[in-house]
Amino acid sequence: MRLAVISDIHSNLPALQAVLADIDRRNVDLVLCAGDLVGYAPYPNEVIEIIRKRNIPCVQGNYDEAVGNERLLCGCEFKDEKEEELGRASILWTRTHTSTVHKEFLRFLPVELRLTFGSYRMLMVHGSPFRQNEYLTADTSEEYLEKIMITSAANVLICGHTHIPFHRRLSGGLHVINAGSVGKPKHGTPQASYVIVNLNETLTKEICYVSYDVEATTRAIQEAGLPVEFAVRLQQG
């Protein structure tokens, strides 16, 4: 079984289109999405429509939950008042420009997805099984990750939220895989990222980086009246 896992698209249509085109060339059996379809860029409806048309199984991210339920904040951990102000601007714009039908779709996305492939018991969430907005990183302690896995009764955990892809192999054949970010990467380059997971006798993964028309998205961000900081950060990755 060969899986492609995408996450954190954040309304970036050109990035999603490029990533799906790349996936379509890679002989993948199933595409999964670890949430956060919307926010920050100006194409929430177009992104949701693609996910729906392609029937991509998707869990609810914290941004999806906030927009779907028309909340004022996304549940993010902001480092200062300026970041909170930018987050509020993103939520308000996205709430205003996401259709009622698509808000309903976001509202009823599941918070987790469980799949079994042979001996692999996979759990996909956005942040962690404990909290939708919890950050699991490459530096999270092995002890804590093992606690999550044991509590979740899974041996493969797929997540997103941090926007930085990684793969942690834990004792006992446990795996934690972060899918990175299609639409708002934080790995140091503007390229979109996603992962391919091969579930054979041994689990292996490949982190894929995809170039796309970043300038098209940054222009659209500015033309839509979203904060210019979103365009600048997208260019920086």
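Predicted model, so just to flag it, every value in this text is computed and none were measured. Residue positions are given per chain, counted from 1 along the sequence in the order it is written. Only residues with pLDDT of 70 or above have their local features reported here, since the model is predicted, and side-chain atom pairs are shown and tallied only from 80 upward, although totals for entire chains, interfaces and linings are computed over all residues. To get the side-chain values, all heavy atoms of the structure are used, and hydrogens and water are removed first.

Next up on the list: the side chain of Thr162. Only runs of H or I of at least four residues qualify as helices and only runs of E of at least two qualify as strands under DSSP, and these elements are numbered from the N terminus. Mapped onto the elements, Thr162 comes out in the loop between strand E5 (156-159) and strand E6 (166-170). Think of it in three bands: residues with accessible area under 20% of the maximum for their type are buried, residues over 50% are exposed, and the middle band is partly exposed, with areas taken using a 1.4 Å probe on protein chains only. The exposure class assigned to Thr162 is buried, which follows from its relative accessible area of 9%. Definition of a polar contact: a pair of N or O atoms within 3.5 Å, with one able to donate and the other able to accept a hydrogen when the atoms are protein atoms, and with sequence-neighbouring residues admitted only if both atoms are side-chain atoms. A polar contact is formed between the side chain of Thr162 and the side chain of Asn178, at a distance of 3.0 Å. The contact rule is simple, with two residues in contact once any of their heavy atoms fall within 4.5 Å. Beyond its immediate sequence surroundings of up to four residues, Thr162 is in contact with Tyr135, Leu136, Thr137, Asn178 and Lys186.

All right, on to the pattern of salt bridges then. Criterion for a salt bridge: a side-chain nitrogen of Lys or Arg within 4 Å of a carboxyl oxygen of Asp or Glu. In the structure shown here, the tally under the stated rule is 9 salt bridges. Asp24 is paired through a salt bridge with Arg54; the nearest N and O atoms lie 2.9 Å apart. On the criterion of sequence distance, the pair formed by Asp24 in helix H1 (residues 13-24) and Arg54 in the loop between helix H2 (44-53) and helix H3 (62-68) is long-range, its members being 30 residues apart. Overall, Asp24 belongs to the partly exposed group, its relative accessible area being 48%. On the accessibility criterion, Arg54 (35% relative accessible area) is partly exposed. Here Glu70 and Arg95 are joined by a salt bridge, their closest N and O atoms 3.9 Å apart. A residue pair is termed long-range when its members are at least 10 positions apart, and Glu70 in the loop between H3 and helix H4 (81-97) and Arg95 in helix H4 qualify at 25 residues. One salt-bridge network, held together by shared partners, links Asp22, Arg25, Arg26 and Glu206.

With that settled, the discussion passes to the sheet that holds strand E8 (residues 192-199). Here a strand pair is declared whenever DSSP counts at least two bridges between the two strands. Spatially, 4 strands are ordered E2-E1-E8-E9 in an open sheet, and the strand pairing comes out mixed. Strands with a single pairing partner mark the edges of an open sheet, and in this sheet they are strand E2 (30-33) and strand E9 (203-210). Between one strand and the next, the sheet's axes are offset by a mean angle of 25°, whatever the strand orientation. Pairing between strand E1 (residues 2-6) and E8: 4 bridges, direction antiparallel. Across the sheet, Ala4 pairs through a bridge with Ile196, a residue of E8. Convention adopted: a line fitted to C-alpha atoms gives each axis, helices being fitted over their contacting stretch, and angles between N-to-C directions are expressed from 0 to 180 degrees. This element, H1, spans E1, E2, E8 and E9 of the sheet and lies at about 30° to E8.

This part takes up helix H5 (residues 100-107). Residues of H5 that are buried: His102, Lys103 and Leu106. In an axial view of H5, the angular spread of the buried residues amounts to 105°, which keeps them on one side of the axis. In this structure, the buried residues of H5 make contact with H2, H3 and H4. What the arc measures is the spread of directions leading from the helix axis to the C-beta atoms.

Listing the buried residues of helix H6 (residues 142-152) in full gives Leu145, Ile148, Met149 and Ser152. Buried residues of H6 fall within an arc of 95° about the axis and therefore sit on the same side. Of the exposed residues in H6, the ones pointing more than 90 degrees away from its buried face are Glu143, Ile150 and Thr151. Here the buried face of H6 lies against strand E3 (113-117), strand E4 (120-124), E5, E6 and strand E7 (174-178). In the segment just after H6, Ala153 is the residue with positive phi, at about 55°.

Fair warning: the whole summary comes from geometry, so function is off the table for now.
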